[in-house]
Amino acid sequence: MAKSADKKARLSDAEKLKVLKKKLKKLKASVRDAASGAEAVVPASVKPKNAISPLAPAGFPALPVIEGAEFAAGAAGIKYQGRTDVMLVRLAPGTAIAGAFTRSSTRAACVLDCQAKLAGKPDTAAGAAIIVNSGNANAFTGKGGQEAVDSVTGGVARALGLPRERVFSSSTGVIGEPLPAGRITAIIGDLAGKLDPAGAAGAARAIMTTDTFAKGACASFQGDGGTINITGIAKGSGMIAPDMATMLVYIFTDAKIAPALLQRMLSARVDETFNAITVDSDTSTSDALILAATGRSKAAPISDLRSAPARAFGKALSHVMRDLAQQVVRDGEGATKFVEVQVTGAANTADAHRVAMAIANSPLVKTAIAGEDANWGRVVAAVGKSGAKADRDLLTIRFGDMVLAENGWRAPSYDEEKASAYMKRDELVIGVDLGLGNGKRTVWTCDLTHRYIDINADYRS
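A brief structural summary.

Calculation notes
- Residues numbered from 1 in each chain as written.
- Predicted model: local features only at pLDDT ≥ 70, side-chain atom pairs only at ≥ 80, totals over all residues.
- Heavy atoms only, no water.
- Helix = DSSP H or I, 4+ residues; strand = E, 2+ residues; numbered from the N terminus.
- Buried < 20%, exposed > 50% of the residue type's maximum accessible area, 1.4 Å probe, protein only.
- Contact = heavy atoms within 4.5 Å.
- Areas by Shrake-Rupley, 256 points an atom, 1.4 Å probe, with all protein chains shown as cover.
- Pairing = 2+ DSSP bridges.
- Axes fitted to C-alpha atoms, helices over the stretch in contact; angles between N-to-C directions.
- Salt bridge = Lys/Arg side-chain N within 4 Å of Asp/Glu carboxyl O.
- Patch = residues over 30% accessible without salt bridge, like charges linked within 9 Å, V, L, I, M, F, W, Y side chains within 5 Å.
- Lys, Arg positive; Asp, Glu negative; His and termini not counted.
- Charge placed at Lys NZ, Arg CZ, Asp CG, Glu CD.
- Arc of directions from axis to C-beta.
- Parallel < 35°, antiparallel > 145°, perpendicular 65-115°, else oblique.
- Left-handed = near helix turned anticlockwise from the far one by under 90°.
- Nonpolar A, V, L, I, M, F, W, Y, C, P; charged D, E, K, R; others polar.
- Polar contact = N/O pair within 3.5 Å; in protein donor to acceptor, adjacent residues only side chain to side chain.
- Phe/Tyr/Trp six-rings, centres within 6.5 Å; stacked < 30°, edge-to-face > 60°.
- Lys NZ or Arg CZ within 6 Å of the ring centre and 35° of its normal.
- Core = buried A, V, L, I, M, F, W, Y, C linked by side-chain atoms within 4.5 Å.

1. Regarding the overall build of the chain
Counting its secondary structure elements, the chain contains 13 helices and 15 strands. Relative to its 461 residues, the chain shows a buried fraction of 50%. Considering only contacts in the chain between residues 6 or more positions apart, those separated by 24 or more positions represent 81%. Carbon together with sulfur atoms contributes 53% to the accessible area of the chain, which is approximately 21200 Å² in total.

2. A word on the sheet that holds strand β4 (residues 128-136)
Pairing is mixed across the open sheet formed by four strands, whose spatial order is β1-β2-β4-β5. With partners counted over all chains shown, the strands left at the sheet margins are β1 (69-74) and β5 (167-174), one partner each. Looking at each pair of strands side by side, their axes are set apart by 10° on average, direction ignored. Two elements, β1 and strand β2 (residues 86-91), share six bridges in a ladder whose sense is antiparallel. Bridging from a neighbouring strand, glycine 74 pairs with valine 86 of β2. Relative to β5, helix α4 (residues 142-160) is tilted by about 135°, and along the sheet it contacts β2, β4 and β5.

3. Focus: the pattern of salt bridges
Within this structure, the stated rule accounts for eleven salt bridges. The partner of arginine 392 in a salt bridge is aspartate 393, and the shortest N-O contact between them spans 2.9 Å. Given a relative accessible area of 38%, aspartate 393 falls into the partly exposed group. Through salt bridges with shared partners, a single ionic network connects Asp211, Lys215 and Asp331.

4. Points about a negative patch on the surface
A surface patch of negative charge is lined by Asp373, Asp415, Glu416 and Glu417. You can see glutamate 417 is positioned in helix α12 (residues 416-422). The exposure class assigned to glutamate 417 is exposed, which follows from its relative accessible area of 65%.

5. A look at the sheet that holds strand β15 (residues 439-446)
Strands sit in the order β13-β12-β11-β14-β10-β15 across an open sheet of six strands; the sheet is mixed. The outermost strands of the open sheet, each flanked by one partner alone, are β13 (409-410) and β15. Across the sheet, helix α9 (residues 349-361) lies against β10 (338-346), β14 (427-433) and β15, angled at about 20° from β15, the strand it touches most.

6. Quick word on helix α10 (residues 363-370)
Within the span of α10, buried status applies to Val365, Lys366, Ala368 and Ile369. The buried residues of α10 occupy an angular sector of 160° when projected down its axis, which confines them to one face. At its buried positions, α10 is contacted by β10, α9, α11 (377-385), β14 and β15. Looking one or two residues past α10, glutamate 372 carries a phi angle of roughly 55°, positive in sign.

7. Structural notes on the packing of α10 against α11
How two helices sit against one another is set out by the angle between their axes and by the gap between those axes. Where α10 contacts α11, the two axes come as close as 9 Å, and the packing angle between them is 160°. In this view, α10 runs roughly antiparallel relative to α11, as classed from their interaxial angle. In the crossing of α10 with α11, the sense of the turn from one axis to the other is left-handed. Contacts between α10 and α11 involve Leu364, Val365, Thr367 and Ala368 from the former and Arg378, Val379 and Ala382 from the latter. Of the residues that constitute the contact of α10 with α11, the class distribution is five nonpolar, one polar and one charged.

8. A word on the environment of cysteine 114
Checked against the element boundaries, cysteine 114 lands in helix α3 (residues 109-119). Measuring from C-alpha to C-alpha, the distance between cysteine 114 and valine 167 comes to 8.5 Å, with 53 residues separating the pair along the chain. Setting aside residues up to four positions removed in sequence, cysteine 114 forms contacts with Phe101, Phe168, Ser169 and Ile290.

9. Observations concerning the side chain of threonine 153
Tracing the backbone shows threonine 153 in helix α4. Separated by 2.8 Å, the side chain of threonine 153 and the backbone oxygen of valine 149 make a polar contact.

10. Overview of the packing of aromatic side chains
Taken as a whole and assessed by the stated rule, the structure comprises two aromatic pairs. Taken together, a centroid distance of 5.1 Å and an interplanar angle of 85° make the contact between phenylalanine 71 and phenylalanine 252 edge-to-face. Here phenylalanine 71, found in strand β1, pairs with phenylalanine 252, found in strand β8 (residues 248-253); they are 181 residues apart in sequence, far enough to count as distant. Comparing phenylalanine 71 with phenylalanine 252, the two get one shared label, buried. The ring of phenylalanine 338 is capped by arginine 330, whose NZ or CZ atom sits 4.1 Å from the centre of that ring.

11. Re helix α7 (residues 259-267)
Of the positions making up α7, those classed as buried are Leu261, Leu262, Met265 and Leu266. The buried side chains of α7 occupy one side of the element, clustering within an arc of 140° when seen end-on. When the buried face of α7 is taken as reference, the exposed residues oriented beyond 90 degrees from it are Ala260 and Arg264. As for α7, its buried residues are in contact with β3 (96-101), β9 (288-293) and α8 (308-330).

12. Topic: unusual backbone geometry
One non-glycine residue, asparagine 138, lies in positive phi territory at about 50°. Mapped onto the elements, asparagine 138 comes out in the loop between β4 and α4. Notably, asparagine 407 is not glycine yet its phi reads approximately 55°, a positive angle.

13. Notes on the packing of α4 against helix α5 (residues 181-193)
Relative to each other, α4 and α5 sit at 15°, their axes nearing to 9 Å. By the angle class used here, α4 and α5 are roughly parallel. At the point where α4 passes α5, the crossing takes the right-handed sense. For the pair α4 and α5, contact is made by Ala148, Ser151, Val152, Gly155, Val156, Ala159 and Leu160 and by Ala181, Ile184, Thr185, Ile188 and Ala192, respectively. Its residues assigned to classes, the contact of α4 with α5 comprises nine nonpolar, three polar and no charged.

14. Observations regarding the nonpolar core
In summary, soluble globular proteins display a tendency toward joint burial of nonpolar side chains. Grouped together as the largest cluster of nonpolar side chains are 75 residues, with contacts concentrated most on Ile251, Leu289, Phe313, Ile359, Phe399 and Val432. Among the elements that line this core, the one with the most residues is α8, at ten residues. Excluding residues within four positions of it along the chain, phenylalanine 399 makes contact with Ala374, Trp376, Val379, Leu404, Tyr422, Met423, Val429 and Ile430.

Okay, here's the thing in structure tokens:
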């Protein structure tokens, strides 16, 4: 006893503090265990919610019901306690499926599985399903990644009476951690029992990770003999850059359209929507866009891309895709400014895209925007590094409707005070005309604030 007391007396203040911290940690663990029940197996923490983005829309839209599509959401405890983290969608027999996926060379198992299924020749007369989890990306998980996909999709196939080749899965969250597939399969029966045609909003919430608001968009138009509806939901906030699709997006329509034609309609609109946004220039390993057409509308089938119904469908699909893409940017991690970059006069479309993305991805441009600094010189630098053809003396730079630079020099009409006042707006337009040709591209981005660092510095904790 005397030796023990003597040892404690000799402890330094730093050592005493270390002992107290250990005791406090044990006490917190005891309280947590008592609150959750001794036998319960749950994730270690409850993740606090991020404040809703100041650029968020007023609310989640009222989405039209898509006949032949049913939704359910539930909590599997994949990463956090008490958080809805799985969505299930059941699709009617005969549903056509199209998709676009990340081009990352380290694609997740679920992405590879979806691509393989769409490349095959499944029984399209059968129904289909989509199951999605947040909290774990199931990426870079070795052979176990595909085994987890097989377990989850197989569980859905059995519960809904579908071929496994018609069950598509997605996962989003932490990379490199084994997917706890058993937690997902354990709730499939419950999800199947509460499938609801009006459940899209709950499904949108279930796929959020660092998102601060659920994302939805819709469009309706008069087809040949009936109304055609399109509804879409998405998640995305960080790790957003082109190479389709650096987010999770699910779009549903009741149009009658064959899979090959549906794929053509989707692929033709990816570059001007989801490949025209960036938050942080990082392409994801895991994310996907799936478009499903249930064929339950009373309108006649869409079979000719040149027809009026096909053009109307394409316009409505573009609207939904662009709306969802822009919502992802508005929810960019830490974003306070929504920025449209318009590039015109490029030698070709490819050069216009290079310039637009060089500006939109530039940390110097994005931090200047965050600081409300009208530093157009950083735009000049971004154009120069893009690799696109450019001529200093032909370049024109605008912020909004103000010309800041032209003819190789600062514009005579430049007004620093007005330019600085413009930068205080929540929504900004940066215009660049290269003066070389007809190439043009518009992309969307956000500013880069310290909040982005805060979110990503402790993403796994």
